[in-house]
Amino acid sequence: MAIGSIADLLLLGSEKDLASERGVSCAGELPAASDPDLIERARTARAKLGDQAYILGHHYQRDEVIAFADVTGDSFKLAQAAAKRPEAKYIVFCGVHFMAESADILTSEGQQVLLPDLAAGCSMADMASGEQVARCWDQLGELGLTKGTIPVTYMNSSAAIKAFTGRNGGTICTSSNARTALSWALEQGERVLFLPDQHLGRNTAVMQLGIPLDQCVVWDPWKPMGGLTEEQLRNAKMILWRGHCSVHGRFTLESVNEVRNRIPGVTVLVHPECTHEVATAADLVGSTEFIIKTVAAAPAGSSWAIGTELNLVQRLAETYKDKHITFLDKAVCYCSTMNRIDLPHLVWTLESLVEGRVVNRIMVEPEVAKYAKVALDRMLALP
Ligand code: 13P
Ligand code: SF4
C-alpha cells in the first residue's frame, strides 16, 4: 500500500487508540469471518428487527455490507434518509464516525445511531481537532481577521468542528454543494477558512470560482500562526486547512498520463478530494453522487478511468458491464477505515440489538449538536 505521508502512517497506526477513545467496541464477541452461516445470521437478525432498524450503507462500503443496506448514498443523503425514518429506533450506520455523528445530530431524540465498528474513523476528519481549530481562530482574532473570515467546513469533519462553524457564522458543505457554499460565504465576508480538506477547498475555489491560486494559503496547525505571515493571511481569499484524504490524495498525475496512453479515448473522472494537479489533469471532477450519475448516463462502450474509493469503482464496473471502467491508479487502495465495517461487525451489531443490547452508540453532546445543527441548517438553506 502506498503511504501518502507520515500523518497517514500515524493515523493508520492509531486506529486502535481512536477506537478505544471513542468507547467500547466488540472485543471477544465478534463472529468469525470464516463462519459459513454469517449471511444467514445477518438475514435472520435483520428480519427479527423489522422496521425498528434501518441500515444505511455509504457508497464506499464493501459489497457484503451493501447487500444488507436499506438505503445507499453519500454521507449527507444518508443522514437525511435516517431523519426521514422516525419509526426506525435504531439507525445502523455502515460508514464512518463523522457520518454517524451527523445522523445523530439530524435524527430525533427517540432514534439511536450505531456504528458497527468504532475504529471506522476518517483520517481527514481527524486532521482537524477542536483545540487546533480554536487555536487557529484565536490567532486570526489577534490579527483582527476573524470578523471578515467565514468558516466553511466539509461534511467530513467531527461534530466539534461543525459546532465551531455554527458558532462562528459559517456553513457546512458537501462535495456536491461546495461551490454554492463558498459563493455564499464570500458574500458574507472577505475570506473563507476552509476545513479540513485543502484539496476540495482549493479545487472548488480555483476551478469553479476562478479565485487565483496565490490567494489560497494553507494553514498548518502544527506551526505558529499556521506557518503564514500576517500579509499572506490578510491577502488570502481562502485559508485552507492542512488536511487531506489519505485515499484520494494518493492519485497522481502520472496515473492520469499513464491511463490516457494506455486507453485511447478514456474519460478521466475524479473526486474533488484529489490533489489540484490531478483534478486539473482530469476531464471531469465531481462528488460521489456525480460520479455515479455520470457513469450511469454514459453511452455503452465508453471508457472511464475513475479516481475515487475502490469499493465504489469496482461496484460501478460490475453494474455497468457494457462500459469499460478502470480504477485510475493501481497503487491506491480501499479506504481502510470504511472497510472496517464488514459482515462480522454487522452481524454482531444486529444480533446484539435482537438481544436488546445497543452497542457502539454514537451520541453527540447536546451543546455540540445544537451548534453543529446551526451550521448544517445554514447549508440546507443555501440556494
Ligand atoms: P461523500 O460526501 O460523497 O459521501 O464523500 C464522503 C467521503 O468520505 C469522500 O471521501
Ligand atoms: Fe475519509 Fe478519505 Fe475515507 Fe472518505 S475516503 S472516509 S475522506 S479517509
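Residues numbered from 1 in each chain as written. Chains lettered and ligands numbered in written order. Predicted model: local features only at pLDDT ≥ 70, side-chain atom pairs only at ≥ 80, totals over all residues. Heavy atoms only, no water.

A closer look at the packing of aromatic side chains
Next, step 1: Here the structure, examined in full by the defined rule, presents two aromatic pairs.
Next, step 2: For the ring pair Trp137 and Phe164, a centre distance of 5.3 Å and an interplane angle of 85° mean the geometry is edge-to-face. With a gap of 27 residues between them, Trp137 in helix α7 (residues 130–142) and Phe164 in helix α8 (residues 159–167) connect regions that are remote in the sequence.
Next, step 3: For Phe164, a relative accessible area of 9% corresponds to the buried category.
Next, step 4: An angle of 75° between the planes, with centres 5.6 Å apart, marks the rings of Phe251 and Phe327 as edge-to-face. On the criterion of sequence distance, the pair formed by Phe251 in the loop between β9 (238–241) and α12 (253–262) and Phe327 in strand β13 (residues 324–327) is long-range, its members being 76 residues apart.
Next, step 5: Taking relative accessible area as the criterion, Phe251 reaches 2% and is therefore assigned buried. (Phe/Tyr/Trp six-rings, centres within 6.5 Å; stacked < 30°, edge-to-face > 60°. Helix = DSSP H or I, 4+ residues; strand = E, 2+ residues; numbered from the N terminus. Buried < 20%, exposed > 50% of the residue type's maximum accessible area, 1.4 Å probe, protein only.)

Quick look at the site of ligand 1
Next, step 1: Taken together, the neighbourhood of ligand 1 is formed by His58, Tyr60, Asp74, Ser75, Met99, Asn156, His248, Glu273 and Thr288.
Next, step 2: Backbone polar atom of Ser75 to an oxygen atom of ligand 1: 2.8 Å apart, as the coordinates give it.
Next, step 3: Burial of ligand 1 by the protein chains amounts to 95% of its free accessible area of 300 Å².
Next, step 4: Among the domains, domain 1 (37–121 + 338–363) and domain 3 (248–327) are the pair contributing at least three residues each to the shell around ligand 1. (Near = heavy atom within 4 Å. Polar contact = N/O pair within 3.5 Å; in protein donor to acceptor, adjacent residues only side chain to side chain. Areas by Shrake-Rupley, 256 points an atom, 1.4 Å probe, with all protein chains shown as cover. Domains from an automatic or database assignment.)

What to know about the side chain of Gln112
Next, step 1: Mapped onto the elements of the fold, Gln112 is located in strand β4 (residues 112–114).
Next, step 2: What Gln112 contacts, discounting residues up to four positions off in sequence, is Lys89, Tyr90, Ile91, Val358 and Arg361. (Contact = heavy atoms within 4.5 Å.)

Focus on the environment of Gln132
Next, step 1: Relative to the elements of secondary structure, Gln132 occurs in helix α7.
Next, step 2: Each C-alpha atom of the pair Gln132 and Val192 lies 17 Å from the other, and the pair is 60 residues apart in sequence.
Next, step 3: Not counting residues within four places of it along the chain, the set of residues in contact with Gln132 comprises Met127, Pro221, Trp222 and Trp241.
Next, step 4: A distance of 3.0 Å separates the side chain of Gln132 from the backbone nitrogen of Ser129, its partner in a polar contact.

Considerations on the domain arrangement of the protein
Next, step 1: According to the domain assignment, the protein consists of domain 1 (37–121 + 338–363), domain 2 (125–245) and domain 3 (248–327).
Next, step 2: For domain 1 and domain 2, the distance between their C-alpha centres works out to 31 Å.
Next, step 3: At the interface, seven residues of domain 1 touch nine residues of domain 2.
Next, step 4: With both sides pooled, the region where domain 1 packs onto domain 2 buries about 610 Å², and carbon together with sulfur makes up 67% of that total.
Next, step 5: A per-residue breakdown of the area domain 1 buries against domain 2 is headed by Phe76, Phe98 and Glu101, which together make up 60% of the total.
Next, step 6: For the pair domain 1 and domain 2, the interface holds zero salt bridges.
Next, step 7: At the junction of domain 1 with domain 2, the criterion picks out one residue pair in polar contact (both at pLDDT 80 or more).
Next, step 8: Only α5 (75–83) and α6 (97–106) provide two or more residues apiece to the side of domain 1 that touches domain 2. (Buried area = accessible area lost by both parts, 1.4 Å probe. Salt bridge = Lys/Arg side-chain N within 4 Å of Asp/Glu carboxyl O.)

Quick word on the pattern of salt bridges
Next, step 1: Tallied over the entire structure, the rule returns 17 salt bridges.
Next, step 2: The closest approach of N and O atoms between Arg46 and Asp70, which form a salt bridge, is 3.0 Å. Highlighted residues: Arg46 in helix α3 (residues 38–49) and Asp70 in the loop between α4 (63–66) and β2 (71–73), separated in sequence by 24 residues.
Next, step 3: According to the relative accessible area criterion, Asp70 is partly exposed, its value standing at 38%.

Topic: helix α10 (residues 198–209)
Next, step 1: End to end, α10 covers 15 Å across 12 residues, agreeing with the expected 16 Å (1.5 Å per residue, within 8%).
Next, step 2: Of all 12 residues that make up α10, nine are buried, and the element is covered over most of its length.
Next, step 3: Turning to α10, its buried residues are Gln198, His199, Leu200, Gly201, Arg202, Asn203, Thr204, Ala205 and Val206.
Next, step 4: The distance from a side-chain oxygen at the start of α10 to the backbone nitrogen of His199 is 3.1 Å, and the residue carrying that oxygen is Asp197.
Next, step 5: Backbone geometry just downstream of α10 places Gly210 in the positive-phi region, at approximately 70°. (Expected span 1.5 Å × (residues − 1).)

Let's talk about the site of ligand 2
Next, step 1: Residues in close proximity to ligand 2 include Tyr60, Cys122, Ser123, Met124, Asn156, Cys245, Glu273 and Cys335, which together make up its full environment.
Next, step 2: Taken together, the residues of the shell around ligand 2 break down into five nonpolar, two polar and one charged. (Nonpolar A, V, L, I, M, F, W, Y, C, P; charged D, E, K, R; others polar.)

What about unusual backbone geometry?
Next, step 1: Cis geometry is adopted by the peptide bond preceding Pro196, which originates at Leu195 and carries an omega value of -20°.
Next, step 2: Looking at the secondary structure, you find Pro196 in the loop between β7 (191–195) and α10.
Next, step 3: Non-glycine residue Met225 carries a positive phi angle of around 55°.
Next, step 4: Positive phi, close to 50°, is recorded for Asn360, a residue that is not glycine.
Next, step 5: Structurally, the position occupied by Asn360 is in the loop between α16 (343–354) and β14 (361–362).

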